[in-house]
Amino acid sequence: MTTAILGMQWGDEGKGKITHLLAREADMVVRYNGGPNAGHTVIDRGEKFGIHLLPVGAFYRNARCVLASGMVIDLPVLREEYDLIVDHLKWEPEIVIAENAHVILPYHKLLEELEGGGSRIGTTRRGIGPAYSDKAARVGIRAGDLLHPDRLCKKLAQKINLLKQTWPDSPEISSLSADLLAKDLLAAAEPFLGSIKNAMPIIAQALKRGDNVLFEGAQGALLDLDFGTYPFVTSSSTTLAGLGNAIGVPCPQIDCRIGVMKAYATRVGQGPFPTRVTGKLGNFLQQAGNEFGVTTGRPRGCGWLDLVALKHAVALNDPTILAITKLDVLSGLDEIKICGAYQLGERETKTFLISAEELALCEPIYESLAGWKQAIRGTTDYESLPRAARTYLERISQELQIPIGIVSTGPSPEETINIGFDRY
Ligand code: IMP
């Protein structure tokens, strides 16, 4: 049995909660892309966590957790997160780190500042772009290098030499030392050295055995490096299309593909966002939805649901069911708008524009639906939802032609409506 958790918007859809619900029954949870830019919010036994690197399966004894090769890993962050969870759980989750996953180093964060990625794109400033750039440029450090300290030092020295030639005027770059970096890295990685393995056969065997394997995606389809709103995207493949390559299994059979989407839209960082609303309504959504980044604390821009963008995400993720989160946040509104097309100059289009420049020129064409006043936080039964809320959900499902399996009505696992979904 295989399941994938796939973000359908610009990240922050609530994938953490859905993964946490499903991981209860999983034998293996594989996080396959991104790094500490992600912030998966999980409430485990009443305690709230913002998980950046560990697969969310770490909260359950039954789940073996794999950090797959599509990830970039910041070892001190992983160490901190692991220790926090061990303290909460009182036992040590089993993890596997793919030997070919790349490692984020302090100079990646430095480069992000020097190259201006933080301000130009509004990145999370976690060194994600520079770490993936090094991977593509074949000058990266991989987890497997940590098992060979001499090799690690040699590679670091080569990279640092290159950096010093490129940035002769940077005092931070000038002060880098390969030996010191290697020492710090190995100290942070010390508890994980036995976990660094070739993850490819481990995942492949679990799939072959028919284990219950859950793939945990990070970010969302609209932040995909190739098919998102480039250049305002992250540096990894965030979609189902990218999953196979990120784990090293050709065309993995994923029986259940859960498209996770918020009942409205949010975006953090720079880049076009056609349905963004500002003013009173924008503030309402931001406050009611607590729309502040888990990783950076930045306020997220908020807006109406964009069916044009969601249909693009459907094409990339091919979901078999939808999980709609934060429906409770919309309670109290007189009307709810939904964007079904864009106006681009003289032309009306229902096709998403993958050129960020063109998307920025699009004006949303809205349809208005009735809102509902009743608070629905914590509702667990679909029939108890106000009629207008059900109409809204049914409209989304009809437009995207995908059934809804889960509706989230609050951050806790109990605050969930299960609509005939049999996987948790
Ligand atoms: P980076 O991934 O830090 O390079 O940031 C690139 C873009 O992706 C920025 O707009 C970030 O705000 C956004 N981003 C990256 N990770 C997440 C996430 O987990 N949730 C929401 N936005 C994200």
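Residues numbered from 1 in each chain as written. Predicted model: local features only at pLDDT ≥ 70, side-chain atom pairs only at ≥ 80, totals over all residues. Heavy atoms only, no water.

### A few points about helix α3 (residues 106-115)
Think of an α-helix as turning once every 3.6 residues; residues three or four places apart then point the same way.
Thinking step 1. Buried within α3 are the following residues: Tyr107, His108, Leu111 and Glu112. For α3, the buried positions fall inside an angular range of 150° around the axis, keeping them on one side.
Thinking step 2. The secondary structure elements touched by the buried residues of α3 are β8 (102-103), α4 (117-121), α5 (128-137), α6 (149-166) and α8 (178-189). (Buried < 20%, exposed > 50% of the residue type's maximum accessible area, 1.4 Å probe, protein only. Helix = DSSP H or I, 4+ residues; strand = E, 2+ residues; numbered from the N terminus. Arc of directions from axis to C-beta. Contact = heavy atoms within 4.5 Å.)

### Focus on the sheet that holds strand β11 (residues 256-262)
Thinking step 1. Pairing is mixed across the open sheet formed by 10 strands, whose spatial order is β9-β7-β5-β2-β10-β1-β11-β16-β20-β21. With partners counted over all chains shown, the strands left at the sheet margins are β9 (196-197) and β21 (416-418), one partner each.
Thinking step 2. Those strands touched by helix α1 (residues 15-23) are β1 (2-7), β2 (28-31), β10 (213-216), β11, β16 (321-325), β20 (404-408) and β21, and its axis lies near 170° from that of β1. (Pairing = 2+ DSSP bridges. Axes fitted to C-alpha atoms, helices over the stretch in contact; angles between N-to-C directions.)

### Details of the sheet that holds strand β13 (residues 276-277)
Thinking step 1. Spatial ordering of the open sheet is given by β12-β14-β13, a layout of three strands whose pairing is antiparallel. Looking at strand neighbours, the two that pair on one side only are β12 (265-267) and β13, the edges of this open sheet.
Thinking step 2. Relative to strand β14 (residues 301-303), β12 is paired through three bridges, and the arrangement is antiparallel. Residue pairing for β14: Arg267 is matched across the bridge by Gly301.
Thinking step 3. The sheet strands contacting helix α11 (residues 279-288) are β13 and β14, and the helix crosses β14 at an angle near 105°.

### Things to note about the nonpolar core
Thinking step 1. Counting 81 residues, the largest nonpolar core has Leu75, Ile203, Phe215 and Ile258 as its most contacted members.
Thinking step 2. Setting aside anything within four residues of it in sequence, one finds Phe215 in contact with Thr2, Thr3, Ala4, Ile5, Val30, Tyr32, Ile203, Leu207, Leu243, Ile247 and Ile254.
Thinking step 3. Counting residues in hydrophobic clusters, the runner-up holds 38 residues, among them Met8, Ala263, Cys302 and Ile396. (Core = buried A, V, L, I, M, F, W, Y, C linked by side-chain atoms within 4.5 Å.)

### Details of the domain arrangement of the chain
Thinking step 1. Entries for the chain in the domain assignment read domain 1 (2-101 + 195-257), domain 2 (102-190) and domain 3 (261-418).
Thinking step 2. Each of domain 2 and domain 3 was reduced to a C-alpha centroid, and the two centroids are 38 Å apart.
Thinking step 3. Listed by partner, the interface residues are seven residues for domain 2 and five residues for domain 3.
Thinking step 4. For the pair domain 2 and domain 3, the summed buried surface comes to about 410 Å²; carbon and sulfur atoms form 46% of the total.
Thinking step 5. If you sort the residues of domain 2 by the area they bury against domain 3, Gly122, Thr124 and Arg126 come out on top, with a joint share of 67%.
Thinking step 6. Connecting domain 2 to domain 3 are zero salt bridges.
Thinking step 7. Counted by class, the side of domain 2 that touches domain 3 contains one nonpolar, four polar and two charged residues. (Domains from an automatic or database assignment. Buried area = accessible area lost by both parts, 1.4 Å probe. Salt bridge = Lys/Arg side-chain N within 4 Å of Asp/Glu carboxyl O. Nonpolar A, V, L, I, M, F, W, Y, C, P; charged D, E, K, R; others polar.)

### What about the pairing of strand β7 (residues 95-98)?
Thinking step 1. Here β7 shows a buried face lined by Ile95 and Ile97 and a second buried face lined by Val96 and Ala98.
Thinking step 2. Alignment of strand β5 (residues 64-67) against β7, held across three bridges, turns out to be parallel. Counterpart to Val66 in the pairing with β7 is Val96.
Thinking step 3. Of the strand pairs in this sheet, β7 and β9 are connected by two bridges, and their pairing is parallel. In the strand pairing of β9, Ile97 is matched with Ile196.

### Digging into the packing of α3 against α5
Thinking step 1. Direction vectors running N to C along α3 and α5 enclose 105°, while the axes themselves pass 7 Å from each other. The pairing of α3 with α5 is recorded here as roughly perpendicular in orientation. Listed contacts from α5 to Tyr107, His108, Leu111, Glu112 and Glu115 of α3 are Ile128, Pro130, Ala131 and Asp134.
Thinking step 2. Broken down by class, the residue content of the contact of α3 with α5 amounts to five nonpolar, one polar and three charged. (Parallel < 35°, antiparallel > 145°, perpendicular 65-115°, else oblique.)

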